[in-house]
Amino acid sequence: MAGSGDGGNEREVLEDSINHSSSFSRHRYRRSMSSGEEDKGLLAFSGWVYHVGTNSIGHEYSHQRFLYVKGKYVEMYRRDPQENPGIRPIRKGIIGPTLMVEETGSRKVGNEELYTIQFYNRLDETKKGEIACTSAEESKKWIEALDYAKQQAEYELSRGGGARNKLSLEADIDLEGHRPRVRRYASGLKKLIRIGGGPELLSRSSSSLGTGSSDGDFEGEFGDAVEAHEWKCVRTINGVRILEDVADGKGGRASLVKAVAPVDASADTVLEVILNLDRHKRYEWDMLTGDLELVDSYDGNYDVVYGTYDPKYLGRWQSKRDFVFSRQWFQGQDGAYTILQFPAAHKKRPTRNGYQRTSIKPSTWEIRSLTNEKCLVTHMLEMNTAGWGRWKKSSSCSKFEKTIPFALLSQVAGLKEYIGANPSLKCEPSSLALHSKHSEGDPPDEFYDAVAGDSSSTSEDEESDDESEKEEKPVKPKPAPAAISSTALKQASDAAENASKELDLSVPPIHVDPSQFNSVLHKGKDDADTNCWTSPGGAGFMIRGQTYLKNSAKIMGGNPLLKLIAVDWFKVDKATDKIALHPKSLAQSDAGKNLPFILVINLEIPAKPNYSLVLYYAAERPVRKDSLLEKFADGTDQFRDARFKLIPSIVEGYWMVKRAVGTKACLLGKAVTCKYFRQDNFLEIDVDIGSSSVARSVIGLVLGYVTSLVVDLAILIEANDAAELPEYILGSVRLNRVRLESAVPLDG
């Protein structure tokens, strides 16, 4: 900035640029300069951003912060200083001439794609940090505002004398490291140019790849797929129900058991208590895993812990034990938290002298909000001890009560009593919350994870899911025919009829024969066939019914609108988009080009090597103009992200995988990055599962057991108004015990 005249012109250009957005208010105020100087009009900018970084234990965090830029000065607040007069900034500094501000593009922070801006001092690499915005437009406007602040600093520096000395004593803004005591630089925060919206537009409902699961007595109560669990209460201890899965009724060596109890605290509070490794706090509720140490952490939602325990609390004359286990935690789009715990090994914690290494049984925690101050906590594990059968039938003490499984089940009771005896826990903000919420209190500056989606992902329908689904009648366990009433059949028929209107009925249908199309995986002959696919229909999935907007009622899905004609299983060096253009793709075959419409779903699976699971769905007629499917196929990516929904279900497989995948519908466009490619007679959706740390961890677990899994998937376009209801199944697939080595290379 060469002089006041040039500076004035630049301010006018900048102000005009920033105020093109309707979310900004056009204001300017004047700041008094030192004696003998003319008053100089300065622009001030403010708005909500994310402060992103990595905490002391290696977890990435993302905090909502109010950023205020006046002249060369920058201040960061937890709350809006206009609405909270007298509040002090938590960080402050200047945009000095040696401080560099760079736009670093978009990247995944938690589970959301944010546009990041990096600060660093080219002379002092310890001074650095990042902020992030939810859109490229906001990011650009912050870059312009910060560039103006740097020009202001350069202008003052060019004047020499007192200004130069003053600049040398003031610190550049430092967004990383310890926060020093700070005081406010400037006053008069009433007339600003506001960038972006308020905190409600930053509040993000979390997204993940299928984490919903039931804390009730059967899976269908809260899920969107029918599962064959049937829970029976076998004992109640201190207000905690102990339930056993009796669906199989085989009385085998292993039993799936869970402890369930309502806890008078928010889900965030319970999550923090469970994840907290502080010994003194865990001693008050956890009789088994009270002595824990963090060994390693990854991706913000995964860690490895080492623990010890003295068996004298469980039995006599035993050596001390130690163990290592991993924990993965995430939050579903329905708000429920899931924690998966597995026995593990780690090079930092080899066997220890004087201790006997033991394995803690795999288990899951599930935390589902009932109200703002009450949640349902479930701890589930599999046990194969013979003492379990005798204990559940007898009220007397048994050897089972001296075992590790019993100690694990007792954690729920300890947790409930501990929180009940510490009312202050309910008032303290959660520092480990998986989502960032603007609150009146001052939460700690670091938390474990920032798994979240765009603010627009929370619709009124989604917010009512928890409450409404509790009012629904439970879904009976499989087999499905026993659960199908005449009403359910009629509702499924209505959904199928509504689906048929998505295609142009004036055009004669063509016969779609899957045998005409070759693919890597073959169509299964029967349930015993493996490394294959079949079409399971829609009866195993629950979708929104005609009256969903009134009473949130869901119905059983009908036959899919589109026919599954092929499934490709490719091995690739890196995630590959636009796979329908590849010569090996069915869409490029003569038979494929003659189809009226093909929906290509390319699930990009991160692994070593990477994989692409490609599903091809065909329509027998062209898509009807102005239908929901036509709006989806030819609409904007924003519309597609808000509507593209998937319901997963592990029909057969290890119970821990079932709990990780869940049965809740997931808006894939909000959970992971989806790219859409419309050309000729097809729409391709490229689903980048690797774009989410949570999705990566879940798919990694699935791949470890894939050869023993039978997986059902249903694809839908979410219906959000009465004219679109009832929903219909767009397409479904059953993947039967797929072998990784059967994937074929996709040549360039």
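Residues numbered from 1 in each chain as written. Predicted model: local features only at pLDDT ≥ 70, side-chain atom pairs only at ≥ 80, totals over all residues. Heavy atoms only, no water.

Naming follows an unreviewed UniProt entry, where the protein chain appears as START domain-containing protein of Gossypium tomentosum.

A.B. asks: Tell me about the overall build of the protein chain, and please be specific about residues and values.
C.D. replies: Along its length, the protein chain carries 18 helices and 34 strands. With 748 residues in all, the protein chain has 55% of them scored as buried. Counting only carbon and sulfur atoms, one obtains 48% of the accessible surface of the protein chain, whose full area is about 32,000 Å². (Helix = DSSP H or I, 4+ residues; strand = E, 2+ residues; numbered from the N terminus. Buried < 20%, exposed > 50% of the residue type's maximum accessible area, 1.4 Å probe, protein only. Areas by Shrake-Rupley, 256 points an atom, 1.4 Å probe, with all protein chains shown as cover.)

A.B. asks: Now, about the packing of aromatic side chains: what can you tell me, with residues and values included?
C.D. replies: Within this structure, the stated rule accounts for 11 aromatic pairs. On the numbers, 4.9 Å between centres and 10 degrees between planes, the contact of Trp569 with Tyr611 is stacked. On the criterion of sequence distance, the pair formed by Trp569 in strand 25 (residues 563–572) and Tyr611 in strand 27 (residues 610–619) is long-range, its members being 42 residues apart. Residues Trp569 and Tyr611 agree in their burial class; the two are buried. An aromatic cluster is defined as three or more aromatic residues linked by ring pairs; in this entry it consists of Tyr309, Phe323 and Phe325. (Phe/Tyr/Trp six-rings, centres within 6.5 Å; stacked < 30°, edge-to-face > 60°.)

A.B. asks: Go over the sheet that holds strand 34 (residues 744–745) with me, naming the residues and quoting the values.
C.D. replies: Within a sheet, each strand pairs with its neighbour through backbone hydrogen bonds, oriented either parallel or antiparallel. A sheet is described by the order of its strands in space; here 6 strands give the open sequence 30-31-26-27-25-34, paired in mixed fashion. For this open sheet the edge positions go to strand 30 (673–679) and strand 34, each flanked by a neighbour on one side alone. Note: strand 25 against strand 34, 2 bridges, orientation parallel. Pairing of Lys571 across the sheet is with Pro745, part of strand 34. (Pairing = 2+ DSSP bridges.)

A.B. asks: An account of the pairing of strand 16 (residues 320–331) is needed here, citing residue identities and associated values.
C.D. replies: The side chains of a regular strand alternate between the sheet's two faces. The element strand 16 is largely enclosed, with a buried count of 11 among its 12 residues. Pairing geometry for strand 15 (residues 302–309) and strand 16, over 8 bridges, is antiparallel. Residue pairing for strand 16: Tyr309 is matched across the bridge by Arg321. Pairing of strand 16 with strand 18 (residues 355–357) involves 3 bridges; the strand directions are parallel. Pairing of Arg321 across the sheet is with Gln356, part of strand 18. Summarising the sheet, strand 16 and strand 17 (residues 337–343) pair through 7 bridges and their orientation is antiparallel. In the strand pairing of strand 17, Arg327 is matched with Gln341.

A.B. asks: Give a detailed account of the sheet that holds strand 33 (residues 731–736), specifying residues and quantitative values.
C.D. replies: Pairing is mixed in the open sheet, where 6 strands are placed in the order 21-22-33-32-28-29. With one partner strand each, in any of the chains shown, strand 21 (522–523) and strand 29 (666–667) form the two edges of the open sheet. Bridging between strand 32 (residues 710–717) and strand 33 involves 6 bridges; their strand directions are antiparallel. The partner of Ile715 across the bridge, within strand 33, is Gly731.

A.B. asks: Kindly report on the packing of helix 4 (residues 267–275) against helix 7 (residues 404–420), identifying the contributing residues and their values.
C.D. replies: The contact between helix 4 and helix 7 brings their axes to 11 Å, and the two run at 115 degrees. When you trace helix 4 past helix 7, the crossing you get is right-handed. Only Leu415, Tyr418 and Ile419 of helix 7 make contact with helix 4, whose side of the interface consists of Val270, Val273 and Ile274. (Axes fitted to C-alpha atoms, helices over the stretch in contact; angles between N-to-C directions. Left-handed = near helix turned anticlockwise from the far one by under 90°. Contact = heavy atoms within 4.5 Å.)

A.B. asks: Can you break down the side chain of Ser742 residue by residue, with the values?
C.D. replies: The topology assignment puts Ser742 in the loop between strand 33 and strand 34. When its relative accessible area of 19% is taken as the criterion, Ser742 is described as buried. Within the structure, the side chain of Ser742 is placed 3.5 Å from the side chain of Trp569, a separation counted as a polar contact. Polar side-chain contacts of Ser742 include one of 2.6 Å to the backbone oxygen of Arg739. The contacts of Ser742, once residues within four sequence positions are left out, are Val520, Leu521, Asn531 and Trp569. (Polar contact = N/O pair within 3.5 Å; in protein donor to acceptor, adjacent residues only side chain to side chain.)

A.B. asks: Residue-level account of the state of the cysteines, with values.
C.D. replies: Within this structure, the stated rule accounts for 0 disulfides. Take Cys674: it sits in no disulfide, and the sulfur closest to it among the cysteines is that of Cys666, at 8.8 Å. (Disulfide = S-S within 2.5 Å.)

A.B. asks: Which residues make up unusual backbone geometry, and what values do they have?
C.D. replies: Pro609 follows Lys608 through a cis peptide bond whose omega is 0 degrees. Note that Pro609 resides in the loop between strand 26 (597–605) and strand 27. Pro726 follows Leu725 through a cis peptide bond whose omega is -5 degrees. Mapped onto the elements, Pro726 comes out in the loop between strand 32 and strand 33. For Asn238, which is not glycine, the phi torsion reads 50 degrees and is therefore positive. Within the secondary structure layout, Asn238 lies in the loop between strand 11 (231–237) and strand 12 (240–245). With a relative accessible area of 58%, Asn238 lands in the exposed category. Phi is positive for Asn531, close to 50 degrees, though the residue is something other than glycine. Relative to the elements of secondary structure, Asn531 occurs in the loop between strand 21 and strand 22 (532–534).

A.B. asks: Go over the nonpolar core with me, naming the residues and quoting the values.
C.D. replies: Phe644 and Ile685 are the most contacted members of the largest nonpolar core, which totals 69 residues. Top element by residues in this core is helix 18 (residues 693–704). It accounts for 7 residues. Inspection of this core shows a minimum of three residues originating in each of domain 2 (231–425) and domain 3 (495–745). Not counting the four nearest positions on each side in its chain, Ile685 is found in contact with Leu599, Val600, Ile601, Asn602, Phe632, Phe644, Cys674, Lys675 and Tyr676. Ala261, Phe323, Cys375 and Trp388 belong to the second-largest nonpolar core, a separate cluster that totals 46 residues. (Core = buried A, V, L, I, M, F, W, Y, C linked by side-chain atoms within 4.5 Å. Domains from an automatic or database assignment.)

A.B. asks: Which residues make up the side chain of Arg327, and what are the values?
C.D. replies: Assignment of secondary structure puts Arg327 in strand 16. Taking relative accessible area as the criterion, Arg327 reaches 2% and is therefore assigned buried.

A.B. asks: An account of helix 4 is requested, with residue identities and associated values reported.
C.D. replies: Summarising burial for helix 4: 9 of the 9 residues are buried, a large majority. Taken as a whole, helix 4 has its buried residues at Ala267, Asp268, Thr269, Val270, Leu271, Glu272, Val273, Ile274 and Leu275.

A.B. asks: Can you explain the pattern of salt bridges? Please cite residues and give values.
C.D. replies: When the charged atoms of two side chains with opposite charge come close together, those side chains can pair. Summed over the entire model, instances satisfying the criterion amount to 21 salt bridges. One salt bridge connects Arg282 with Asp286, and the closest N-O pair in it is separated by 2.8 Å. Of the two residues examined, Arg282 and Asp286, each falls in the buried class. A salt bridge links Arg368 to Asp334, with the nearest nitrogen and oxygen atoms 2.8 Å apart. A residue pair is termed long-range when its members are at least 10 positions apart, and Arg368 in strand 19 (residues 363–371) and Asp334 in the loop between strand 16 and strand 17 qualify at 34 residues. Note on accessibility: Arg368 and Asp334 belong to one class, buried. Three or more residues are tied together by salt bridges with common partners; here these are Arg544, Lys645, Glu718 and Glu727. (Salt bridge = Lys/Arg side-chain N within 4 Å of Asp/Glu carboxyl O.)

A.B. asks: Lay out helix 7 with the relevant residues and their values.
C.D. replies: Spanning 17 residues, helix 7 covers 25 Å between terminal C-alpha atoms, matching the ideal 24 Å at 1.5 Å per step. Of all the bends in helix 7, the largest measures some 30 degrees and sits at Ser410. Among the 17 residues of helix 7, 13 are classified as buried, and the element is accordingly described as predominantly covered. (Expected span 1.5 Å × (residues − 1). Bend = angle between axes of the 7 residues up to and from the residue.)

A.B. asks: Tell me about the environment of Glu417, and please be specific about residues and values.
C.D. replies: Mapped onto the fold, Glu417 is located in helix 7. Through-space distance from the C-alpha of Glu417 to that of Glu284 is 9.3 Å; in sequence the pair is 133 residues apart.

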